[in-house]
Amino acid sequence: MPPALSILDLASIAPGQTARDSFDNSVALAQAAERSGYQRVWYAEHHNMRSIASSATSVLIGHVAAHTDTIRLGAGGIMLPNHSPLVIAEQFGTLETLFPGRIDLGLGRAPGSDQKTMLALRRNPASAESFPQDVLELQGYLMGRSRVSGVQAIPRAEGVVPLYILGSSLFGAQLAAQLGLPYAFASHFAPDALHQAIAVYRDSFRPSEQLAEPYAMAGVNVFAAENHAEAAAQKTIAYRARARAMVTRAAADADFTDAEIDAFLASPNGHHLASMTRYTAVGTPTEVSAYLDDFVAATGVDELILAHHATNIGDRVRSVELTGGAIAATAPIR
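For clarity, every value in this text was computed on a predicted model and none was experimentally measured.

Asker: Is there a simple way to explain the nonpolar core in this structure?
Answerer: Buried together is how nonpolar side chains tend to be arranged in soluble globular proteins. Membership of the largest hydrophobic core comes to 72 residues, with the highest contact counts inside it found for Phe-92, Leu-105, Leu-107, Val-135, Tyr-183, Tyr-201 and Leu-304. Excluding residues that lie within four positions of it along the chain, Phe-92 makes contacts with Ser-58, Ile-61, Ala-75, Ile-78, Ile-103, Asp-104, Leu-105 and Val-161. Counting 8 residues, the second largest nonpolar core, distinct from the first, contains Leu-166, Ala-184, Met-217 and Ile-305.

Now the structure itself:
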């Protein structure tokens, strides 16, 4: 069987566009995913990033859910140490009540921001240390089994809000295994520990009320188009923009040419940034499908979280459609 396909939508704000444009694009992308057979679309919590509009993650999930019908939607993820577990339980209990059977809650422990922004969020630098306990507290609220005497999350949905642990290191893999939760590895931007983390997760997994067997997910970047040259051009444009956003983050007035960005990415200093997107499928639907097949064979993951990065929303939607169609074409006839 082919792997389940899902999407990570970074709700990117393209040059010359607004946050409202980004939200409209997210709706279009989710609708394309819904008609193309994807399992879910996730949105990540990021703060103080001019090119990403998903900071109010639960609000964006509700907006997209109101414009789709069946696809699952969720956080990939909520950075739990930024929040009270009770508040997140109330938000996602509300979402599940409004859109029953369609809401996921992925959890991470990174700040999703820089040090100054972390302080502006009123986040204690040591708050990540309580992440395991916070996950359990949140789980208790969502299940109506509060670990805090006299406190309940209201509204609490009748249906289940499944939890997922996100990570890019062995810590998340070990925690997901210990709690018996699905595990999603962020290999779309932090590839180095992918194979080791998946192995640790599977080897250490303990069954839970939510999950009887380990369920591993991993991120892959995708640029799919009708021909290889077109897909490769989309990749070049998108990854230049990504690099430019990273290197100018601390200097908003800086302006680098495409040639300067390319030279930086080819330099020793730019090597780490370039290597972050090591797992990228580029090309025709057949080429992308073959790449994803090889990735699944090498990792053994149960689900792929695909980040379609084409700058133009039309190209991004088409990439979603082409990839979904190619994977569906490989499914055995039942």
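From this point, the narrative continues.
Asker: Quick question: what am I supposed to make of the pattern of salt bridges here?
Answerer: A side chain with one charge may pair with a side chain of the opposite charge, provided their charged atoms come close. Within this structure, the stated rule accounts for 13 salt bridges. The salt bridge partner of Glu-226 is Arg-318, with a shortest N-O separation of 2.7 Å. Here Arg-318 lies in helix 12 (residues 313–329) and Glu-226 lies in the loop between strand 7 (216–224) and helix 8 (228–247), a separation of 92 residues in the sequence. We classify Arg-318 as partly exposed; its relative accessible area is 35%. Put simply, Glu-321 and Arg-318 hold a salt bridge, and the shortest N to O gap is 3.3 Å.

Asker: How should unusual backbone geometry be read in this particular structure?
Answerer: As a rule of thumb, non-glycine residues mostly have phi less than zero, and peptide bonds are mostly trans rather than cis. A cis geometry characterises the amide bond from Gly-76 onward to Gly-77, with omega recorded as 10°. Turning to its location among the elements, Gly-77 is positioned in strand 3 (residues 72–79). Residues Ile-154 and Pro-155 are joined by a peptide bond in cis, for which omega reads 5°. Relative to the elements of secondary structure, Pro-155 occurs in the loop between helix 5 (131–143) and strand 5 (163–167). Positive phi, normally seen in glycine, also occurs at Ala-11, with a value near 50°. For Ala-11, the location among the structural elements is in the loop between strand 1 (4–9) and helix 1 (19–35). Phi is positive for Asn-48, which is not a glycine, with a value near 60°. Considering the arrangement of structural elements, one finds Asn-48 in the loop between strand 2 (40–43) and helix 2 (57–65).

Asker: In this structure, what is going on with the packing of helix 11 (residues 285–299) against helix 12? I would like to understand it.
Answerer: When two helices pack together, their arrangement is given by the angle between the helix axes and the distance between those axes. Two numbers describe how helix 11 lies on helix 12: the axes approach to 9 Å, and their chain directions differ by 65°. As helix 11 runs across helix 12, the sense of the crossing is right-handed. Touching Pro-285, Val-288, Ser-289 and Leu-292 of helix 11 are Leu-322, Thr-323, Ala-326 and Ile-327, all from helix 12. Residues that form the contact of helix 11 with helix 12 fall into these classes: 6 nonpolar, 2 polar and no charged.

Asker: Is there a simple way to explain the side chain of Ser-289 in this structure?
Answerer: Within the secondary structure layout, Ser-289 lies in helix 11. Once you skip the residues sitting within four places of it in the chain, Ser-289 turns out to touch Ala-326, Ile-327 and Thr-330.

Asker: Looking at this model, I keep getting lost on the environment of Gln-31. Mind explaining?
Answerer: Positionally, Gln-31 belongs in helix 1. Overall, Gln-31 belongs to the partly exposed group, its relative accessible area being 31%. C-alpha separation for the pair Gln-31 and Ile-52, spaced 21 residues apart in sequence, amounts to 20 Å. Gln-31 has contacts with His-67 and Thr-68, leaving out every residue within four places of it along the chain.

Cut-offs and rules
- Residues numbered from 1 in each chain as written.
- Predicted model: local features only at pLDDT ≥ 70, side-chain atom pairs only at ≥ 80, totals over all residues.
- Heavy atoms only, no water.
- Core = buried A, V, L, I, M, F, W, Y, C linked by side-chain atoms within 4.5 Å.
- Buried < 20%, exposed > 50% of the residue type's maximum accessible area, 1.4 Å probe, protein only.
- Contact = heavy atoms within 4.5 Å.
- Salt bridge = Lys/Arg side-chain N within 4 Å of Asp/Glu carboxyl O.
- Helix = DSSP H or I, 4+ residues; strand = E, 2+ residues; numbered from the N terminus.
- Axes fitted to C-alpha atoms, helices over the stretch in contact; angles between N-to-C directions.
- Left-handed = near helix turned anticlockwise from the far one by under 90°.
- Nonpolar A, V, L, I, M, F, W, Y, C, P; charged D, E, K, R; others polar.

Any link to function would need more than the numbers given here.
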